Amino acid sequence: MLIAGNWKMNKTVKETKDFFSKFNKLVSKTKNQILICPSFPCIPAAKKSASAKIFIGAQNIFFEEKGEFTGEVSPLQLKDFCDFIILGHSDRRHKFSESSDSINKKIKASLKHNFNVILCVGETFSERESDQTKEILSEQLSDSLKEVSFSEKILVAYEPVWAIGSGKTAKPKDVFEVHSFIKSQLIELFGEKAAQTKILYGGSVKPENLKEIFSVENVDGVLVGGASLNPVSFSKIANYEKNK
Ligand code: PGA
């Protein structure tokens with residue numbers, strides 16, 4: 001299972017080092033894969049302070065390698081530090097108006113540079129209420145993955161927008177249904193080989209609701225925001241053993 005933390009725009013370099021000085025010991029025995037995605041200035045410190053088994057990722061990337069793109073960070077610049085890139089997070093889609101077309105270019109650039117990609121998809125509350133969840137997810141997947149060749153390096157995170165940072169989580173039966181739907185869409189896009197694609201759940205995951213989330217058979221991991229900032233609470237998630 002992949003246990004991924006998205007720190008969003010939190011922590012200084014010092015706070016990053018302090019986090020790992022506690023966290024490394026707390027997760028030394030886990031068999032899960034652990035990933036932490038700090039904001040750009042803290043990535044080098046995270047890479048240096050994290051124990052070797054912890055993967056480091058970025059929360060975004062630009063699709064060009066270099067040039068006149070003020071304020072952007074390229075895949076080449078991240079190659080020395082990161083194994084994963086989160087793309088299409090709802091903060092990017094909704095607070096920064098990022099389009100699926102831009103996400104699509106970023107996915108292609110990330111795969112070209114051999115990163116693992118966590119593509120985030122999810123419906124808003126009003127889309128769910130008006131029964132549009134499948135339509136929205138299908139659109140987000142097909143637009144973001146347009147002309148992308150299948151790769152085992154593509155992962156999908158289902159993050160219902162209304163569950164992010166809200167303390168609400170989707171019901172297990174809804175998570176099961178949506179993850180199955182996402183899998184069927186990936187198979188439609190890429191063929192049977194996509195059946196192995198890892199699908200993570202995200203949205204207010206914390207130690208207290210983990211058991212319920214992992215009771216869902218087709219949850220291959222979690223993407224955690226708030227609860228990944230504290231080494232103790234994130235270690236409880238990272239150490240979780242699904243079948244115990
Ligand atoms: P949350 O964030 O766990 O704080 O809801 C999840 C995410 O945005 O990936």
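Residues numbered from 1 in each chain as written. Predicted model: local features only at pLDDT ≥ 70, side-chain atom pairs only at ≥ 80, totals over all residues. Heavy atoms only, no water.

### Structural notes on the nonpolar core
With 59 residues, the main nonpolar core has F20 and F23 as its most contacted residues. The element that contributes the greatest number of residues to this core is helix α8 (residues 172-190), accounting for six residues. Ignoring any residue separated from it by four or fewer positions in sequence, one finds F20 in contact with W7, I36, A46, S49, A50, I54 and I56. Counting residues in each nonpolar core, the second largest holds twelve residues, with F84, I86, C120 and L223 among its members. (Core = buried A, V, L, I, M, F, W, Y, C linked by side-chain atoms within 4.5 Å. Buried < 20%, exposed > 50% of the residue type's maximum accessible area, 1.4 Å probe, protein only. Helix = DSSP H or I, 4+ residues; strand = E, 2+ residues; numbered from the N terminus. Contact = heavy atoms within 4.5 Å.)

### Overview of the environment of T197
In this structure, T197 sits in the loop between α8 and β7 (199-202). Distance from T197 to S102, taken between C-alpha atoms, is 22 Å for residues 95 residues apart in sequence. Beyond its immediate sequence surroundings of up to four residues, T197 is in contact with F150, I154, L155, K183, L186 and D220. Of the polar contacts made by the side chain of T197, one reaches the backbone oxygen of A194; its length is 2.8 Å. (Polar contact = N/O pair within 3.5 Å; in protein donor to acceptor, adjacent residues only side chain to side chain.)

### Structural notes on the side chain of N24
Mapping N24 onto the fold places it in helix α1 (residues 13-26). Take N24: its relative accessible area is 18%, and that puts it in the buried class. A polar contact of 2.8 Å, which involves the side chain of N24, links it to the backbone oxygen of S49. Dropping the residues within four chain positions of it, N24 is found in contact with S49, A50, S51 and I54.

### Some thoughts on the side chain of S39
Mapped onto the elements of the fold, S39 is located in the loop between β2 (33-37) and α2 (43-49). For S39, a relative accessible area of 16% corresponds to the buried category. If we ignore the near neighbours within four places in the chain, the residues touching S39 are K8, N10, K11 and Q59.

### Here we look at the site of the ligand
Near the ligand you find 14 residues, and of these K8, H89, E159, G165 and S204 are the closest. Here H89 contributes a side-chain N or O atom positioned 2.6 Å from an oxygen atom of the ligand. Within the backbone of S204, one N or O atom sits 2.7 Å away from an oxygen atom of the ligand. Starting from 280 Å² of accessible surface for the ligand in isolation, the protein chains cover 95%. Looking at the shell around the ligand, its residues break down into five nonpolar, seven polar and two charged. (Near = heavy atom within 4 Å. Areas by Shrake-Rupley, 256 points an atom, 1.4 Å probe, with all protein chains shown as cover. Nonpolar A, V, L, I, M, F, W, Y, C, P; charged D, E, K, R; others polar.)

### Regarding the environment of I103
With respect to the helices and strands, the residue I103 is situated in helix α5 (residues 100-112). Taking relative accessible area as the criterion, I103 reaches 0% and is therefore assigned buried. For I103 and R93, which are ten residues apart along the polypeptide, the C-alpha to C-alpha distance reads 9.1 Å. Ignoring any residue separated from it by four or fewer positions in sequence, one finds I103 in contact with L87, G88, R93, E98, L119 and S144.

### Focus: the state of the cysteines
Evaluation of the coordinates by the stated rule reveals zero disulfides. In this structure C42 is not part of a disulfide, and its nearest cysteine sulfur, from C82, lies 12 Å away. Between C120, a free cysteine, and C37, which holds the nearest cysteine sulfur, the sulfur-to-sulfur gap is 9.3 Å. (Disulfide = S-S within 2.5 Å.)

### Some thoughts on the packing of α1 against helix α10 (residues 231-238)
Orientation of α1 relative to α10, taken along the N-to-C sense of each, is 30°, at an axis distance of 9 Å. Comparing their axes, α10 and α1 come out roughly parallel. Between α1 and α10 lies a crossing of right-handed hand. Counting all contacts with α1, which are made through F19, K22, F23 and L26, the residues of α10 involved are P231, V232, F234, S235 and A238. (Axes fitted to C-alpha atoms, helices over the stretch in contact; angles between N-to-C directions. Parallel < 35°, antiparallel > 145°, perpendicular 65-115°, else oblique. Left-handed = near helix turned anticlockwise from the far one by under 90°.)

### A word on the pattern of salt bridges
A complete count under the given rule lists eleven salt bridges for this structure. Between E98 and R92 there is a salt bridge whose closest N-O contact spans 3.3 Å. The buried category is assigned to E98, whose relative accessible area is 11%. K108 is paired through a salt bridge with E147; the nearest N and O atoms lie 3.9 Å apart. Within this pair, whereas K108 is found in helix α5, its partner E147 is found in the loop between α7 (133-144) and β6 (154-158), the two being separated by 39 residues in sequence. On the basis of relative accessibility, which here comes to 32%, the residue K108 falls in the partly exposed class. For E147, a relative accessible area of 68% translates into the label exposed. Connected via shared salt-bridge partners are E123, R128, K173 and D174. (Salt bridge = Lys/Arg side-chain N within 4 Å of Asp/Glu carboxyl O.)

Note that all results are geometric; they support no functional claim without further evidence.
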